[in-house]
Amino acid sequence: SLFFVIYCGTICGNLLIIALVSTSRNLHTPMYFFISQLSINDILLITNIVPNLLHILLNNGGTITLMGCIIQLYFLCGPEVFDCFILAVMSYDRYVAICNPLRYSSIMTSGHCVILSSDCWLYGFSIILMSLIELGKLIFCEPNIINHLYCDVVPLLELACSDTFIMRLEIYLLGIPNIFIPTTIIILSYTHIGGHLLRARFAFSRR
């Protein structure tokens, strides 16, 4: 019951954010557009996990096909990659707004924001697809019990009978840039913002 209440609260909260950003003209700005994208992603992520989690808890276990497990993993990893890159885009948006305020409206146009957001969605769900295609080629055997509440990549690889070294290497090689690139963009953006604020002469400019 507690998990269900939290799930419903999270869904309603994110839907409220999306509705407010869509209907309020004052919120038709790049920052709130990206926040609404995060809300859509959050709904997708928790809807992929929590209903199945509730089913498992209510029935003291559950079954899922291999294809269903891979699909659940796809809709788990895709939004996670999207999260990393949309946060990097949001940090870039703040960098432009604070360090180049006179050019902000010409740089962060609505079309540019849609392109940046679409690129994050496409990249997040396409880069994961390559790994999951290789995952589907593995041979799985007994025991076929996943010691987890949802299909995650590590518990799934532990069930494989075939060699998983290449698969694990591919996951690490893809994971490094997906974490390193957004983190670098975020650090650089806020470093420049901090430097800009420290160089500002007046308190009004700092605010």
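Residues numbered from 1 in each chain as written. Predicted model: local features only at pLDDT ≥ 70, side-chain atom pairs only at ≥ 80, totals over all residues. Heavy atoms only, no water.

Chemist: Before we go on, may I ask you to explain the side chain of Ser36 in this structure?
Modeler: Turning to its location among the elements, Ser36 is positioned in helix H2 (residues 30-59). Classification of Ser36 as buried rests on a relative accessible area of 6%. For Ser36, the side chain forms a polar contact with the main-chain oxygen of Phe33, separated by 2.5 Å. Contacts of Ser36, omitting those with residues within four sequence positions, involve Ile18 and Val21. (Helix = DSSP H or I, 4+ residues; strand = E, 2+ residues; numbered from the N terminus. Buried < 20%, exposed > 50% of the residue type's maximum accessible area, 1.4 Å probe, protein only. Polar contact = N/O pair within 3.5 Å; in protein donor to acceptor, adjacent residues only side chain to side chain. Contact = heavy atoms within 4.5 Å.)

Chemist: Please explain the UniProt feature "transmembrane region" (unreviewed entry) in the protein as it appears in this structure.
Modeler: The feature "transmembrane region" (unreviewed entry), as given by UniProt, occupies residues 6-24, 31-50, 70-92, 113-133 and 179-198 in the numbering adopted here. Along residues 70-92, the helical share is 100% and the strand share 0%, with 33 Å between the first and last C-alpha atoms. With 100% helix and 0% strand, residues 113-133 has its two end C-alpha atoms placed 31 Å apart. (UniProt positions renumbered as here; feature names shortened; annotations may be inferred.)

Chemist: What's the story with the layout of surface pockets in this structure? I'm lost.
Modeler: Think of a ball as big as a water molecule: rolled over the atoms, this probe shows where empty space is left. Estimated volume of the largest pocket: approximately 520 Å³. Residue lining of the largest pocket: 23 residues in total, with Gly62, Ile64, Asn144, Ile145 and Ile146 positioned closest to the centre. Per element, the largest residue contribution to the lining of the largest pocket is three residues, and it comes from helix H3 (residues 66-99). Looking at the lining of the largest pocket residue by residue, the class counts come to 14 nonpolar, nine polar and no charged. (1 Å grid on protein atoms, 1.4 Å probe; cavity = no way out; pocket = protein on both sides within 12 Å on 5 of 7 lines; lining within 4 Å. Points joined across faces, edges and corners; volume = space filled by probe spheres on them. Nonpolar A, V, L, I, M, F, W, Y, C, P; charged D, E, K, R; others polar.)

Chemist: Is there a simple way to explain the packing of H3 against helix H7 (residues 165-199) in this structure?
Modeler: It is the contact of H3 with H7, at a shortest axis distance of 9 Å, that shows an interaxial angle of 20°. Considering the angle they form, H3 stands roughly parallel to H7. For the pair H3 and H7, the crossing hand works out as left-handed. Seen from H3, the contacting residues are Val81, Cys84, Phe85, Leu87, Ala88, Ser91, Tyr92, Arg94, Tyr95, Ile98 and Cys99; seen from H7, they are Pro177, Asn178, Ile181, Pro182, Ile185, Ile186, Ser189, Tyr190, His192, Ile193, His196 and Leu197. Class assignment for the residues of the contact of H3 with H7 results in 17 nonpolar, five polar and one charged. (Axes fitted to C-alpha atoms, helices over the stretch in contact; angles between N-to-C directions. Parallel < 35°, antiparallel > 145°, perpendicular 65-115°, else oblique. Left-handed = near helix turned anticlockwise from the far one by under 90°.)

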